[in-house]
2 protein chains.
Amino acid sequence: MKSVTGGVTAAKGFNACGVAAGIKPSKKLDLALIVTDHPARAAGVLTTNRVKAASVLISQARLRRGRASAILINSGCANCLTGDAGRQDALRLTRAVARRLRIPENDVLVASTGLIGKRLPVERVLRAVPSLVKHVSRANHADAAQAILTTDLRIKEAAVETMIGGHRCRVGGMAKGAGMIAPSMATMLCVVTTDVVIAPALLRTLLRQATARTFNRITVDGDMSTNDTVFALASGDAGAVIRSTGTSARLFARTLETVMERLATLIVQDGEGVTRTMRVHVDGARTDRDAQACARQIANSPLVKTMLAGSDPNPGRIAAAAGASTARFDAARLEIAIGSHTIVANGMARLNNVAMLRRLLSRPAVTVRVNLHAGRGSGWMLASDLTEDYVRINAGYAT
Amino acid sequence: MKSVTGGVTAAKGFNACGVAAGIKPSKKLDLALIVTDHPARAAGVLTTNRVKAASVLISQARLRRGRASAILINSGCANCLTGDAGRQDALRLTRAVARRLRIPENDVLVASTGLIGKRLPVERVLRAVPSLVKHVSRANHADAAQAILTTDLRIKEAAVETMIGGHRCRVGGMAKGAGMIAPSMATMLCVVTTDVVIAPALLRTLLRQATARTFNRITVDGDMSTNDTVFALASGDAGAVIRSTGTSARLFARTLETVMERLATLIVQDGEGVTRTMRVHVDGARTDRDAQACARQIANSPLVKTMLAGSDPNPGRIAAAAGASTARFDAARLEIAIGSHTIVANGMARLNNVAMLRRLLSRPAVTVRVNLHAGRGSGWMLASDLTEDYVRINAGYAT
């Protein structure tokens, strides 16, 4: 498996672009389109929030058919809490794109991100559609990656190439994140594309698995949005056939997970106000579920996150978060390490080299290891710190 | 029911004081003692965190007897993650207090708050015990309330007087809070005292109920500590007899809850970096449990808390938090109001008077009302905002 450039158009059969449609007052790029050369296999994982954006509801229904030829994504407006009017807005846009591309309307998936509760400026966006369709190309992937951002500082792309069954094939993708990054599916948008041959049902299963192990393991603020969307499209142009059992499925699953993990890591690193990230590993739990619950509680704790922001070693906060989780363990056996340095052993704190621990906690990527000594279960989470900048960014967003 | 002064010694039969024992480097008051005139009925609600401070474990065991004559509380050191050595430290202190007071050692309850992972300076604290015991009096309640504080800015006392069965009786108390205030029992210390006559089992039941409706409904940062402690002592000196059924139990339960709710409100108002509080009411849920889960999710959302800090009306964040909770509802019927102003109706945002909403959100106490239109369940939470000051206070605490 090797890294390649090209993001969402790295795999064969995909074109993309991004334009400024005037949704964002800043005149930045805010409308992205991904178009396939011919109908692709499609799968998606969408938010489980009970309050869902109009675009989520539309895409959910269209994904049941397992195929798509285009994905339209706007930033600057979530098109959520907009009722039936918002739904009609989204339908008008996908209809306009379908007409221009001469494809069935149901072959257009849609996603939105941005402020909740405002209507899309549909007329303005409709006027941008001809130029959008005209500019799609394999070269314009970065514009598409740019056009889906909100408070993100950097575009997020990843792509890898691998050999499956003698065929050179690729998986590539783009994502946006920044705020509202939650433990139950990071609140974000992501599109992954691949040129393997795969049935929609299998693509969906593998996408769900990879999402559970990547986007569902990152946390910036523990909030979960109304617009979470992960789409996967498979063109089949590389010839590699992925079957539900055997080597091909394992290889493809690993490739897909690699791309999604890179995108997930980029999301945390670019979280609002984030200065460093922390990987929380929990081992020795009674079950993997216990380990994951423990890792999540630590990764979501505001006291642990502010500790990280201040590079201030505080075993008590990590232990308190572990103990507040549903994981079952004996506090007298608890072990906690920062990097390879033990700060709690047999349930007792030992802070003998604070200066060195401060240095470890000042690095851009910090590792915290917790051993519950209660079994063989393990799990992990990737978290950001919580800084004054996060609060500054989020205290004045809507109005 | 009328408010009275006197805090933890407002009821008959209690004396208190606070001294500086040298646990805090700042030389501030850090050791409190409450002493009863004669053995009192005792009950407690202690943290459910798997990692428990030494004092929690000791008090838990002693509370089984349902009686106590003294409570020793230190601030500046949580005596947690300190293993058996920490347990011996706490036992030496309660033994010294018991000897001076000429009471059985098991009649002394103990609680600690402060930094986790450090040992108590026992020799220094032992030297303070004679002066501590000497200065207990009914007048010194405010010193005791002062001595249990950590990052709190203000002392927290409340007391009320009421007539039960023809007897004038009182319930009073003191608390500390500030950081680590969590939805599953606010991380705090609290002592309530009363002069009614009540069996320990009934006192425990009513204390649990009142805790569920007061301290378990407040949140500053959603974290849960290793040292959470609520003690209740009943001297019986007022003569009012509380029976498990009938008017007396209802009257006493309401009085107890009034005092604890006042203390809980003071804790949120004095939360770290807090500039305003928000009461989240959820009505129309399928069950009370659904309503409470929804209120909790909203009250704990960092995005809602930062919105409150910035006085920035953002219906999407409240709706997204409601939808991320386990409460079952139809998003198309969701209704949200700030004060008496509806900002979401029939699942659609309507923000028609932003300037007025900003003013409402700038008040020290904000009310958010959510109606799920799914049933008759209701619940509420009291939350603080999340400010840059919270992060500043918590980024450099331990070392």
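All figures in this text were calculated on a predicted structure; none of them were measured in a lab.

**Quick word on the overall build of chain A**
And step 1. A tally of regular secondary structure across chain A gives 11 helices and 16 strands.
And step 2. For 399 residues, the compact-globule formula gives about 21 Å, and the C-alpha radius of gyration of chain A, at 22 Å, lands near that figure.
And step 3. Per-residue burial over chain A gives 62% buried out of 399 residues.

**Side note on the interface of chain B and chain A**
And step 1. Opposite the 57 residues of chain B that make contact, chain A presents 57 residues.
And step 2. For the side of chain B that touches chain A, the elements supplying multiple residues, two or more each, are α8 (302–309), α9 (315–324), β14 (348–349) and α11 (388–395) of chain B.
And step 3. Counting residues per element, the side of chain B that touches chain A draws most heavily on α9(B), at eight residues.
And step 4. Residue classes in the side of chain B that touches chain A are distributed as 31 nonpolar, 19 polar and seven charged.

**Details of the pairing of strand β10 (residues 229–234) of chain B**
All names here are of chain B.
And step 1. Burial within β10 is extensive, with six of its six residues counted as buried.
And step 2. Every second residue of β10 is oriented toward a common face, with Thr229, Phe231 and Leu233 on one face and Val230, Ala232 and Ala234 on the other, all of them buried.
And step 3. Where strand β3 (residues 31–46) meets β10, six bridges bridge the pair, whose relative direction is antiparallel. Paired with Leu46 across the two strands is Thr229, which belongs to β10.

**Considering the domain arrangement of chain A**
And step 1. Under the domain assignment, chain A is made up of domain 1 (2–266) and domain 2 (277–395).
And step 2. For domain 1 of chain A and domain 2 of chain A, the distance between their C-alpha centres works out to 33 Å.

**A closer look at the packing of helix α1 (residues 54–63) of chain B against helix α2 (residues 83–101) of chain B**
All names here are of chain B.
And step 1. At a minimum axis distance of 9 Å, the contact between α1 and α2 shows a crossing angle of 60 degrees. In terms of axis orientation, α1 runs oblique to α2. Between α1 and α2 the crossing geometry is right-handed. Packed against α1, whose contacting residues are Ala54, Ser55, Leu57 and Ile58, the element α2 presents Gly86, Arg87, Ala90 and Leu91 at the interface.
And step 2. Its residues assigned to classes, the contact of α1 with α2 shows five nonpolar, two polar and one charged.

**Considering the confidence of the model for chain A**
All names here are of chain A.
And step 1. Residues at a pLDDT of 70 or more form 94% of chain A, whose mean pLDDT is 91.
And step 2. Within the model, the stretch residues 180–186 combines pLDDT values under 50 with 40 contacts to residues more than four positions away or in other chains.
And step 3. With pTM at 0.86, the complex prediction returns an ipTM value of 0.80.

**Some remarks on the relation of the copies chain B and chain A**
And step 1. Expressed as a screw transformation, the operator carrying chain B onto chain A has a rotation angle of 180 degrees and an axial translation of 0.0 Å, and the superposed copies differ by an RMSD of 0.0 Å. The two molecules are tied by a two-fold rotation axis, judged by turn and shift. The position closest to the rotation axis in chain B is occupied by the C-alpha of Glu388(B), lying 2.3 Å away.
And step 2. Counting the interface residues of chain B, we find that 100% of their copies in chain A are interface residues as well, pointing to one common contact surface.

**Comments concerning the pairing of strand β7 (residues 167–176) of chain A**
Residues and elements named next belong to chain A.
And step 1. Among the 10 residues that make up β7, eight are buried, leaving the element largely enclosed by the rest of the structure.
And step 2. Pairing analysis gives nine bridges linking strand β6 (residues 156–164) to β7, with the strands arranged antiparallel. For Ala159, the partnering residue across the bridge sits in β7 and is Gly172.
And step 3. With antiparallel pairing between neighbouring strands as the criterion, β6 and β7 make up a hairpin whose turn holds two residues, including Gly165 at a positive phi of roughly 55 degrees.
And step 4. In terms of strand pairing, β7 meets strand β8 (residues 189–194) through six bridges, oriented antiparallel. Counted as the bridge partner of Lys176 is Leu189 from β8.

**Brief notes about helix α1 (residues 54–63) of chain A**
All names here are of chain A.
And step 1. With respect to burial, α1 is a largely interior element, seven of its 10 residues being buried.
And step 2. Along α1, the residues classified as buried are Ala54, Ser55, Val56, Ile58, Ser59, Arg62 and Leu63.
And step 3. Buried residues belonging to α1 abut β3 (31–46), α2 (83–101), β5 (108–113) and β10 (229–234).

**Things to note about the nonpolar core**
And step 1. Core analysis: the largest hydrophobic core is formed by 276 residues, its most contacted members being Leu33(A), Cys294(A), Ile298(A), Leu33(B), Ile34(B), Cys294(B) and Ile298(B).
And step 2. Those residues in contact with Cys294(B), other than ones at most four positions away along the chain, are Val282(B), Ala285(B), Ala322(B), Ser325(B), Ala327(B), Val370(B) and Leu372(B).

**Some points on helix α6 (residues 247–269) of chain B**
And step 1. Its 23 residues give α6(B) an end-to-end C-alpha distance of 33 Å, which sits within 8% of 33 Å, the value for a rise of 1.5 Å per residue.
And step 2. Residues Phe252(B), Thr255(B), Leu256(B), Glu257(B), Val259(B), Met260(B), Leu263(B), Ala264(B), Leu266(B), Ile267(B), Val268(B) and Gln269(B) constitute the buried set of α6(B).

**Quick look at the environment of Glu335(B)**
And step 1. Its place among the elements puts Glu335(B) in strand β12 (residues 335–338).
And step 2. Beyond its immediate sequence surroundings of up to four residues, Glu335(B) is in contact with Thr342(B), Val344(B), Ala345(B), Asn371(B) and His373(B).

**Regarding the environment of Gly13(B)**
And step 1. Looking at the secondary structure, you find Gly13(B) in the loop between β1 (2–3) and β2 (14–19).
And step 2. Sequence separation of Gly13(B) and Arg286(B) is 273 residues, and the distance between their C-alpha atoms is 46 Å.

**Observations concerning the environment of His135(B)**
Residue and element names in this part refer to chain B.
And step 1. Note on placement: His135 falls in the loop between α3 (122–134) and α4 (141–147).
And step 2. Linking His135 and Ser248, residues 113 residues apart in sequence, is a C-alpha distance of 35 Å.
And step 3. Once residues lying within four places of it in the same chain are set aside, the contact partners of His135 are Cys17, Val19 and Asn140.

**Here's the deal with the packing of helix α5 (residues 200–213) of chain B against α6(B)**
Residues and elements named next belong to chain B.
And step 1. Remark: α5 packs on α6, axes separated minimally by 9 Å, with the N-to-C direction vectors making an angle of 45 degrees. If you check the angle between α5 and α6, you find them oblique. For α5 against α6, the interelement crossing comes out right-handed. Along its contact with α5, which presents Leu206, Gln209, Ala210 and Arg213, the element α6 presents Phe252, Ala253, Leu256, Glu257 and Met260.
And step 2. Looking at side-chain class alone, the contact of α5 with α6 contains six nonpolar, one polar and two charged residues.

**A word on unusual backbone geometry**
All names here are of chain B.
And step 1. The residue Lys27 is not glycine, and still its phi comes out positive at about 65 degrees.
And step 2. Residue placement: Lys27 occurs in the loop between β2 and β3.
And step 3. You can call Lys27 exposed: it has 10 C-beta atoms within 10 Å.
And step 4. The phi dihedral of Asn79 is positive, around 50 degrees, even though this residue is not glycine.
And step 5. With respect to the element layout, Asn79 can be found in the loop between β4 (67–75) and α2.
And step 6. Asn79 gets classed as buried once you count the C-beta atoms within 10 Å, which come to 32.

Conventions adopted
Within every chain, residues take consecutive numbers counted from 1 along the sequence as written. Whichever chain is written first becomes A and whichever ligand is written first becomes 1, with later ones labelled in order. Local features in a predicted model are, by the rule used here, given only for residues with pLDDT of at least 70; side-chain atom pairs are given and counted only at 80 or more, and totals for whole chains, interfaces and linings are based on all residues. Put simply, DSSP marks the helices as runs of H or I at least four residues long and the strands as runs of E at least two long, and each gets a number from the N terminus on. In this setup the radius of gyration rests on C-alpha atoms only. A globule is expected at 2.2 Å times the number of residues raised to 0.38. Whether a residue is buried, exposed or partly exposed is read from the other C-beta atoms within 10 Å of its own C-beta, which are placed from the backbone; 20 or more gives buried, 12 or fewer gives exposed, and intermediate counts give partly exposed. Residue pairs qualify as contacts under a 7 Å threshold applied to their C-beta atoms, which are placed from the backbone. Ten residue types, Ala, Val, Leu, Ile, Met, Phe, Trp, Tyr, Cys and Pro, are classed as nonpolar, four, Asp, Glu, Lys and Arg, as charged, and the remainder, Gly among them, as polar. The rule for pairing is simple: two strands pair if DSSP sees at least two bridges between them. Domain segmentation is taken from an automatic or database assignment of domains. In this description, a line fitted to the C-alpha atoms serves as the axis of each element, helices being fitted only across the stretch in contact, and the angle between N-to-C directions of two axes falls anywhere from 0 to 180 degrees. For classification purposes, angles smaller than 35 degrees are called roughly parallel, those larger than 145 roughly antiparallel, those between 65 and 115 roughly perpendicular, and all remaining angles oblique. When the near helix sits turned anticlockwise from the far one by under a right angle, the crossing is termed left-handed; a clockwise turn instead gives a right-handed crossing. A score from 0 to 100, pLDDT tells how confident the predictor is in each residue. Alignment of the copies relies on least squares applied to C-alpha atoms, considering only residues that score at least 70 for pLDDT in both. Connectivity within a nonpolar core runs through C-beta atoms within 7 Å, and the core itself is a set of buried Ala, Val, Leu, Ile, Met, Phe, Trp, Tyr and Cys residues. Multiplying 1.5 Å by the residue count of a helix minus one yields the expected span of that helix.

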